[in-house]
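One-letter residues, chain by chain:
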Amino acid sequence: MLFDTHCHVNLYPDVPRLIREIEEQAIEVSLVTTEPELFPDCVQLVAHAPHIHPALGLLPHEIHRLAPQVECFLEFLPQTRFVGEVGLDYVTEDDAERRLQRSVFERILSACAEAGDKIISIHSRRAADAVIERVGRNFPGTVILHWFSGSPKNVTSAENCYFSVNPAMIKSRSGKKLIRAMDPAFILTETDGPFVEVAGRPARPSDIRQVINFFSRDWGCSHAEAEARVAANAIRAGLG
Ligand code: MN
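Residues numbered from 1 in each chain as written. Predicted model: local features only at pLDDT ≥ 70, side-chain atom pairs only at ≥ 80, totals over all residues. Heavy atoms only, no water.

For the structure shown, the criterion picks out 5 aromatic pairs. On the numbers, 5.3 Å between centres and 75° between planes, the contact of Phe148 with Phe163 is edge-to-face. Highlighted residues: Phe148 in the loop between strand E6 (142-146) and helix H7 (152-157) and Phe163 in strand E7 (residues 162-165), separated in sequence by 15 residues. A ring pair is formed by Tyr162 and Phe186, whose centres lie 4.9 Å apart and whose planes are at 45°; its orientation type is tilted. (Phe/Tyr/Trp six-rings, centres within 6.5 Å; stacked < 30°, edge-to-face > 60°. Helix = DSSP H or I, 4+ residues; strand = E, 2+ residues; numbered from the N terminus.)

Structure representation (structure tokens):
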């Protein structure tokens, strides 16, 4: 049983084919979205695809345009357990922009905490400390740090957070170092397709097998055993 906890299904050039492929292979996919107003269309898109779960998202790196949609986010939130992608992106060095990102992210986190059962895929580029601090140690719900690129020390400090590993991370030296700092019981898988590429084309959920392959080598177990371990994590996280 395979899990792709962060895939932009609606952004592929061949959406109907991708949806068919996911359903045929019975991969559990979280369809992450970039802005709240797109959520209803994504719900429609996968209405007949039981393995694809639409998530409600608001991208931090376009906060000036998207901040007004936070009300819309809060309105749709009761419709789904899946949230993402949300978070902080400190590639910008503009203080006002970072402040606005934080205030929106804090509202999102507190609404999710109040609900208590959300599964949240979080973006934390150059903002690992700020994200981990806001999530805290005992967040009520499931927190998944997606494509994590902080430090190994951050990994240890992110108690009770899951990490979703994608095909790009297993190819980079820094990615592998981070993966080895993670508690294997908190590891999940993702593609972040179509943004992550595999062999020069957009990653597809079936490419999760490459990530499982990496774990099987790293953990010294069979492919089936590595797949079962990640699936057990996903089920514990509420994804299955
Ligand atoms: Mn993404």
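Take the sheet that holds strand E2 (residues 28-31) next. Taken in spatial order, the 3 strands line up as E1-E2-E3 in an open sheet, and their pairing is parallel. If you trace the sheet from one side to the other, it starts and ends with strand E1 (3-7) and strand E3 (52-54), each paired once. On average, each strand axis in the sheet is inclined to that of its neighbour by 15°, with strand direction left out of account. Pairing of E2 with E3, which is carried by 3 bridges, proceeds in the parallel orientation. Within E3, the position partnered with Ser30 by the bridge is His53. (Pairing = 2+ DSSP bridges. Axes fitted to C-alpha atoms, helices over the stretch in contact; angles between N-to-C directions.)

Here we come to the packing of helix H9 (residues 208-219) against helix H10 (residues 223-236). Remark: H9 packs on H10, axes separated minimally by 8 Å, with the N-to-C direction vectors making an angle of 105°. When the axis of H9 is compared with that of H10, the two are roughly perpendicular. Between H9 and H10, the contacting residues are Arg209, Ile212, Asn213, Phe215, Ser216 and Trp219 on the first element and His223, Ala226, Glu227, Arg229 and Val230 on the second. Of the residues contributing to the contact of H9 with H10, the split by class is 5 nonpolar, 3 polar and 3 charged. (Parallel < 35°, antiparallel > 145°, perpendicular 65-115°, else oblique. Contact = heavy atoms within 4.5 Å. Nonpolar A, V, L, I, M, F, W, Y, C, P; charged D, E, K, R; others polar.)

A few words now on the coordination of the manganese ion. Taken together, the protein ligands of the manganese ion are His6 (NE2), His8 (NE2), Glu85 (OE) and Asp192 (OD), with distances of 2.2 to 2.4 Å. Sequence spacing of the donor residues for the manganese ion, all on one chain, is H-x1-H-x76-E-x106-D. Residue His6 is found in strand E1, and its partner Glu85 is found in strand E4 (residues 82-87); the two are separated by 79 residues along the sequence. For Glu85, a relative accessible area of 5% gives the class buried. (Donors = N, O, S within 2.8 Å, 3.2 Å for Na, K, Ca; no water. Buried < 20%, exposed > 50% of the residue type's maximum accessible area, 1.4 Å probe, protein only.)

Attention now goes to the packing of helix H8 (residues 173-181) against H9. One can describe the packing of H8 onto H9 by two numbers: an axis separation of 12 Å at closest approach and a directional angle of 60°. Taken together, the axes of H8 and H9 are oblique relative to one another. Considering only the axes of H8 and H9, their crossing is right-handed. Between H8 and H9, the residues in contact are Lys176, Ile179 and Arg180 and Phe214, Phe215 and Asp218, respectively. Grouping the amino acids of the contact of H8 with H9 by side-chain chemistry returns 3 nonpolar, no polar and 3 charged. (Left-handed = near helix turned anticlockwise from the far one by under 90°.)

This brings us to helix H6 (residues 128-135). Looking at H6, one finds that the buried residues are Ala128, Ala130, Val131, Ile132 and Val135. The secondary structure elements touched by the buried residues of H6 are helix H5 (95-115), strand E5 (119-123), E6 and H7. Looking one or two places after H6, you find Gly136, whose phi comes out positive at around 75°.

Per the stated rule, a full pass over the model turns up 12 salt bridges. One salt bridge connects Arg17 with Asp14, and the closest N-O pair in it is separated by 3.7 Å. Judged by relative accessible area, which is 48%, Arg17 ranks as partly exposed. Linking Asp14 and Arg204 is a salt bridge whose minimum nitrogen-to-oxygen distance equals 2.9 Å. With Asp14 in the loop between E1 and helix H1 (15-25) and Arg204 in the loop between strand E10 (201-202) and H9, the pair connects residues that are 190 residues apart, well separated along the chain. (Salt bridge = Lys/Arg side-chain N within 4 Å of Asp/Glu carboxyl O.)

What is shown is where atoms sit, not what they do.
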